[in-house]
Amino acid sequence: SLSIVGMLATGAFAASADGTYAAKGAGPQNCDQFVKERDARSNNYFRFLGWIEGYISYYNKATPDTTDVLSWQTSELADFLLSNFCKANPTERFSSAVDIMLNALYPSRLREPSEVIDIPGGNPPIQIYKEVMMRIQQTLLDRGFYKGGVDGAYGPGTAAAIKQFQGTVQLEQTGLPDQITLLRLFQQK
């Protein structure tokens, strides 16, 4: 399966949306405008961010069997991934770039509501769905880093397994399920 990072970093995909709906606000602009505004951290950049979050919220509401398409990804990571895609595809319509990202994220979406758990030690604090923590534990178990049960609880065994995984991929060994760690963990499945 193609990784999210690979798809967005290389720009290997054509637009999946047929472009027949009327996108409003930042949606109809091209990717190069998003990158320009992002680099400048302009007021228009924040319009793009608001558009992304609104679009994702509606996507979550309108897509069957979907509670959250960003099951573990933060809005900041989505922004980063979109920026990489848009740099590689400057003439792509921004709304199409968001569609491409959401299509790539769809298989890992959260299908049903899940309890949110707090992970101590993060700055800012990390909150993650219990279902996602179970996915983390299962992936670590499958790859030989974790020996405990897949219960969705963040305890010493899960922290030690994450820390061991982080060491194998040359990340800071915090034992925390931060965005970069999860990106690397789920990308290498």
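Here is what the cut-offs are and how they apply
Residues numbered from 1 in each chain as written. Predicted model: local features only at pLDDT ≥ 70, side-chain atom pairs only at ≥ 80, totals over all residues. Heavy atoms only, no water. Phe/Tyr/Trp six-rings, centres within 6.5 Å; stacked < 30°, edge-to-face > 60°. Buried < 20%, exposed > 50% of the residue type's maximum accessible area, 1.4 Å probe, protein only. Helix = DSSP H or I, 4+ residues; strand = E, 2+ residues; numbered from the N terminus. Lys NZ or Arg CZ within 6 Å of the ring centre and 35° of its normal. Expected span 1.5 Å × (residues − 1). Arc of directions from axis to C-beta. Contact = heavy atoms within 4.5 Å. pLDDT = per-residue confidence, 0-100.

### Some words on the packing of aromatic side chains
Here is step 1: For the coordinates displayed, the defined rule picks out nine aromatic pairs.
Here is step 2: Taking the centre distance of 5.1 Å and the plane angle of 65° together, the rings of Tyr45 and Phe46 count as edge-to-face.
Here is step 3: Judged by its relative accessible area of 4%, Tyr45 is buried.
Here is step 4: The class of Phe46 is partly exposed, set by a relative accessible area of 47%.
Here is step 5: An angle of 20° between the planes, with centres 4.9 Å apart, marks the rings of Trp51 and Tyr55 as stacked. Residue Trp51 and its partner Tyr55 are located together in helix α3 (residues 43-62), separated by four residues, close to a single helical turn.
Here is step 6: Grouped by ring-pair contacts, the aromatic residues Phe34, Tyr45, Phe46, Phe48, Trp51, Tyr55 and Phe94 constitute a single cluster.
Here is step 7: Sitting above the plane of the Tyr106 ring, Arg109 keeps its charged end 3.8 Å from the centroid.

### Regarding unusual backbone geometry
Here is step 1: Here Asn123 and Pro124 are connected by a cis peptide whose omega angle stands at 5°.
Here is step 2: Counting through the fold element by element, Pro124 comes out in the loop between β1 (116-119) and β2 (126-129).
Here is step 3: Here the phi dihedral of Gln170 falls at roughly 55°; this positive angle occurs in a residue that is not glycine.
Here is step 4: With respect to the secondary-structure elements, Gln170 resides in the loop between α7 (156-168) and α8 (179-187).

### Quick look at helix α6 (residues 130-142)
Here is step 1: In a regular helix each residue adds 1.5 Å, so 13 residues correspond to 18 Å; α6 covers 18 Å between its end C-alpha atoms and thus fits that length.
Here is step 2: All buried positions along α6 are accounted for by Val132, Met133, Ile136, Gln137, Thr139 and Leu140. End-on view of α6: buried residues confined to an arc of 165°, all on one side of the axis.
Here is step 3: Among the structural elements, β1, β2, α7 and α8 are those in contact with the buried residues of α6.
Here is step 4: Gly144, located one to two residues past α6, shows a positive phi value of around 85°.

### Description of the confidence of the model for the protein chain
Detailed conclusions should not be drawn from predicted coordinates in areas where pLDDT is low.
Here is step 1: On average, residues of the protein chain carry a pLDDT of 88, and 89% of them reach 70 or more.
Here is step 2: Mean pLDDT in the protein chain bottoms out at helix α1 (residues 4-10), which sits at 43, and peaks at α7, which reaches 98.
Here is step 3: Predicted confidence is poor over residues 1-17, with pLDDT under 50, and the contacts of this stretch with residues over four places away or in other chains come to 38 contacts.

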